[in-house]
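Observations on chain architecture
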Amino acid sequence: MNLMANIIINVVIAFLLGSLLLGFHRKVMARIQLRPGPPIIQHFLHSLKFFFKEASFPKTASMPFYIAIACMYCAIWIVAVIVGPVTYGSLLLIFGVYAVYKIVEHNAGSSSGSPYGKMSCVRAVFSAAAEIPLFAVLAIVFLQTGTMNLGEIIAYQSVNGPLIYSIPLAALMFFILILSKSPYSPFSITKGKDIISGFETEHFGVLRGYMMLSESIAWYILLWVFLTVFFGPLSIIEYLIGMILITAITAVINATTPILNPNHTVMSQISLAIIGIGGSLLLMFLA
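Residues numbered from 1 in each chain as written. Predicted model: local features only at pLDDT ≥ 70, side-chain atom pairs only at ≥ 80, totals over all residues. Heavy atoms only, no water.

Taking an unreviewed UniProt entry as the reference, the chain is identified by name as NADH-quinone oxidoreductase subunit H belonging to Methanobrevibacter arboriphilus. The Subcellular location (unreviewed entry) field of the UniProt record for the chain holds the comment "Membrane". (UniProt positions renumbered as here; feature names shortened; annotations may be inferred.)

Shown next as structure tokens:
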């Protein structure tokens, strides 16, 4: 298949499936809280709706940075699709995408001039300090498999079995990272209800559409990487089942857990990272 066609197909799949999974996440949360909730396709419909809304630009926005940052938000997750499902490239590049995402999240908040965006901008620094240590999971995967290439990691698991059994604490660390990016997460301090929509507060119209599209792709990619790295070669049906299960689990946790304040968020995530790193190294040494 032509490379460009492969990229387009995978981006469309990531957007469509990611949108439906986020809609399913919201539906599960609503049911747990004894509400009917919106239809599962609601997030998808909202994403499309904003592309047809009139764009508005606040007077306090730093133009053209305000526009460019929303486009970058979308572009970096498209790059993640290329590195992941399209080429099965390096996990280090996935980490690079996530690191740039944290920068974009920070600057999206500061570019609008909104006080809510600025507060989210500050919290993005806090969250980065907590989430980046969780990416030490990449080093643990490398120590276990001897490679950072996704294709080679899959080949390793086809011979030695899924990594979820040999380095379960590393898998837990990555799951915490996924949980922190899920809607209404207890670790969701950059978009907490107390600051409206956080760094997205002043973005509307096409720019908000790009951001919602990016959220869908990001959710799909995080789930895809988790399943690929820790469960090895999977069929399309197995990927789908895994994504649905993880989405449902995060929805249950988020529906029953209050959002932590920034200090507690940072300390709890760093503590889990320390336990995960130390425990994984100990298990590898004993093995």
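On we go.
A word on the overall build of the chain. The secondary structure content of the chain amounts to 12 helices and zero strands. Secondary structure elements in the chain, listed N-terminal to C-terminal, are α-α-α-α-α-α-α-α-α-α-α-α. Among the 287 residues that make up the chain, the fraction classed as buried is 49%. In the structure as shown, the chain presents an accessible area of about 12,900 Å², 73% of it carried by carbon and sulfur atoms. (Helix = DSSP H or I, 4+ residues; strand = E, 2+ residues; numbered from the N terminus. Buried < 20%, exposed > 50% of the residue type's maximum accessible area, 1.4 Å probe, protein only. Areas by Shrake-Rupley, 256 points an atom, 1.4 Å probe, with all protein chains shown as cover.)

We now examine the packing of aromatic side chains. According to the stated counting rule, one finds eight aromatic pairs in the structure shown. For the pair Phe 51 and Tyr 210, a centre-to-centre distance of 5.4 Å together with 85° between the ring planes defines the contact as edge-to-face. Of this pair, Phe 51 sits in the loop between helix H2 (42-50) and helix H3 (65-86) while Tyr 210 sits in helix H10 (residues 206-231), and the two are 159 residues apart along the sequence. Linked through ring pairs, Phe 174, Phe 226, Phe 230 and Phe 231 together constitute an aromatic cluster. Between Lys 49 and the ring centre of Phe 50, over which it is positioned, the NZ or CZ distance is 5.0 Å. (Phe/Tyr/Trp six-rings, centres within 6.5 Å; stacked < 30°, edge-to-face > 60°. Lys NZ or Arg CZ within 6 Å of the ring centre and 35° of its normal.)

The contact between helix H1 (residues 3-32) and H10 brings their axes to 7 Å, and the two run at 90°. It follows from the interaxial angle that H1 and H10 lie roughly perpendicular. When H1 is examined against H10, the residues Val 11, Ile 13, Ala 14, Phe 15, Leu 17, Gly 18, Ser 19, Leu 21 and Leu 22 are found in contact with a partner set consisting of Leu 213, Glu 215, Ser 216, Ile 217, Trp 219, Tyr 220 and Leu 223. Of the residues contributing to the contact of H1 with H10, the split by class is 12 nonpolar, three polar and one charged. (Axes fitted to C-alpha atoms, helices over the stretch in contact; angles between N-to-C directions. Parallel < 35°, antiparallel > 145°, perpendicular 65-115°, else oblique. Contact = heavy atoms within 4.5 Å. Nonpolar A, V, L, I, M, F, W, Y, C, P; charged D, E, K, R; others polar.)

The next point concerns the environment of Pro 183. Structurally, the position occupied by Pro 183 is in the loop between helix H9 (168-181) and H10. In this structure the C-alpha to C-alpha distance between Pro 183 and Ala 255, which are 72 residues apart in sequence, comes to 9.9 Å. Among all residues touching Pro 183, those that are not within four sequence positions of it are Leu 22, His 25, Met 29 and Asn 254.

To continue, consider the layout of surface pockets. Within this model, the second largest pocket holds a volume of roughly 290 Å³. Lining the second largest pocket are 13 residues, with Ile 13, Tyr 220, Trp 224, Ile 236 and Tyr 239 positioned closest to its centre. Looking at the lining of the second largest pocket, the elements that each hand over two or more residues are H1, H10 and helix H11 (236-256). Sort the elements by how many residues they give to the lining of the second largest pocket and H11 lands first, with four residues. Among the residues forming the lining of the second largest pocket, the class breakdown is 11 nonpolar, two polar and no charged. (1 Å grid on protein atoms, 1.4 Å probe; cavity = no way out; pocket = protein on both sides within 12 Å on 5 of 7 lines; lining within 4 Å. Points joined across faces, edges and corners; volume = space filled by probe spheres on them.)

Of note in this structure, Leu 34 is not a glycine but carries a positive phi near 60°. Structurally, Leu 34 can be placed in the loop between H1 and H2.

Sites flagged by UniProt as "transmembrane region" (unreviewed entry) map to residues 6-25, 86-104, 124-143, 163-180, 217-246 and 266-286. For residues 86-104, the end-to-end C-alpha separation is 24 Å, with 79% helix and 0% strand making up the annotated structure. Within residues 163-180, the helical portion is 94% and the strand portion 0%, while the C-alpha atoms at the span's ends are 22 Å from each other.

Let us now look at the confidence of the model for the chain. Across the chain, the average pLDDT comes to 83, with 85% of residues at 70 or higher. By mean pLDDT, the top-scoring element of the chain is H11 (95), and the lowest-scoring one is helix H5 (residues 115-131) (68). (pLDDT = per-residue confidence, 0-100.)

Inspection of the secondary structure puts His 43 in helix H2. Classification of His 43 as buried rests on a relative accessible area of 14%. Here Ser 216 takes part through its side chain, which lies 3.5 Å from a polar atom of the side chain of His 43. Once residues within four sequence positions are removed from consideration, His 43 is found in contact with Ser 19, Leu 22, Gly 23, Met 212, Glu 215 and Ser 216. (Polar contact = N/O pair within 3.5 Å; in protein donor to acceptor, adjacent residues only side chain to side chain.)

This brings us to the nonpolar core. Formed by 64 residues in total, the largest nonpolar core has its most connected members in Trp 77, Leu 91, Val 141, Ile 217, Phe 226 and Phe 230. Elements supplying a minimum of two residues to this core: H1, H3, helix H4 (91-111), helix H6 (137-145), helix H7 (150-160), H9, H10 and H11. Per-element accounting of this core gives the leading share, 16 residues, to H10. Discounting residues that sit within four places of it in the chain, Val 141 has contacts with Leu 91, Gly 146, Thr 147, Ile 153, Leu 163, Ile 167, Val 229 and Phe 230. (Core = buried A, V, L, I, M, F, W, Y, C linked by side-chain atoms within 4.5 Å.)

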